[in-house]
Amino acid sequence: MSYSLSNHFLIAMPTLMEPQFYHSVILVVEHNSNGAMGVIINQPTDLTFTKIIDHFNIKPEDETNPLLQQKILRGGPLKKEHGFILHQGRGDWRATVPIGENLGLTASRDIINAMVDAKGPEQALIILGCSGWVSGQLEEEMRDNIWLTVPADPQIIFDCPFHERWHKAASLIGVDVERLCEAGHA
């Protein structure tokens, strides 16, 4: 493998009808010769952060903290019970995978405790589950025109409403995804 899609968005083509990936935007966390791992950033669930901290028996000091009502995202079909915090900055958490220059994906309880105490990252998404590809699988899907790719943009991750992320991510490369159709073969 001569390139890496780490810190890139995978933008589902309109023809990808698989329900778990339909109109999805995935942030690729890791991509190497062993495969790839990413998290979907535009599929909110009905769960809120309160559900996560209840699971860990963490009691917030400030019950009015708006973070408690933040929606949890569905990150993909794998490890559905495994939680991740996607955040701006790397921080000093126990289990953080750096993504590019200024993003991290943390899977340790210390960041949850810090977030409840208002000492966590200023910008963060709470995600359950992830998406993954074995060696060569993502490259094959790219050749099959299943995904568009573009370097990740933190503004889309943290500031854009969930329902707009698919369109906004594609617009980074000047594409209106609604107008795309599957390419034919001559």
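Since we're looking at a predicted model, the values are computed, not measured.

## Section: the pairing of strand β9 (residues 124–134)
Then, number 1: β9 sits mainly inside the fold: nine of its eleven residues count as buried.
Then, number 2: Note: strand β5 (residues 71–74) against β9, three bridges, orientation parallel. If you follow R74 over to β9, its bridge partner there is L128.
Then, number 3: Pairing between strand β6 (residues 78–88) and β9: six bridges, direction antiparallel. Bridge pairing in β9 places I85 opposite I126.

## Thoughts on the nonpolar core
Then, number 1: Ranked by internal contacts, the top residues of the largest apolar core, which has 42 residues, are F9, L27 and W147.
Then, number 2: Core analysis: the next-biggest nonpolar cluster, separate from the first, contains 17 residues, I52, L68, I111 and M115 among them.

## Thoughts on the packing of aromatic side chains
Then, number 1: Enumeration over the complete set of coordinates arrives at two aromatic pairs.
Then, number 2: Ring centres of F21 and W147 lie 5.9 Å apart, and the angle between their planes is 85°; this geometry places the pair in the edge-to-face category. Residue F21 is found in the loop between β1 (8–12) and β2 (25–32), and its partner W147 is found in strand β10 (residues 147–151); the two are separated by 126 residues along the sequence.
Then, number 3: Here F21 falls in the buried class, since its relative accessible area comes to 10%.
Then, number 4: Judged by centre distance (6.4 Å) and plane angle (85°), the rings of W133 and W147 are edge-to-face. You can see W133 sitting in strand β9 and its partner W147 sitting in strand β10, a full 14 residues away along the chain.
Then, number 5: Taking relative accessible area as the criterion, W133 reaches 7% and is therefore assigned buried.
Then, number 6: An aromatic cluster is built from F21, W133 and W147, whose rings are joined through pairwise contacts.

## Describing helix α2 (residues 109–116)
Then, number 1: Most of α2 is tucked away: six of the eight residues are buried.
Then, number 2: Along α2, the residues classified as buried are D110, I111, I112, A114, M115 and V116.
Then, number 3: Buried residues belonging to α2 abut α1 (49–55), β6, β8 (103–106) and β9.

Analysis parameters
- Residues numbered from 1 in each chain as written.
- Predicted model: local features only at pLDDT ≥ 70, side-chain atom pairs only at ≥ 80, totals over all residues.
- Heavy atoms only, no water.
- Buried < 20%, exposed > 50% of the residue type's maximum accessible area, 1.4 Å probe, protein only.
- Helix = DSSP H or I, 4+ residues; strand = E, 2+ residues; numbered from the N terminus.
- Pairing = 2+ DSSP bridges.
- Core = buried A, V, L, I, M, F, W, Y, C linked by side-chain atoms within 4.5 Å.
- Phe/Tyr/Trp six-rings, centres within 6.5 Å; stacked < 30°, edge-to-face > 60°.
- Contact = heavy atoms within 4.5 Å.

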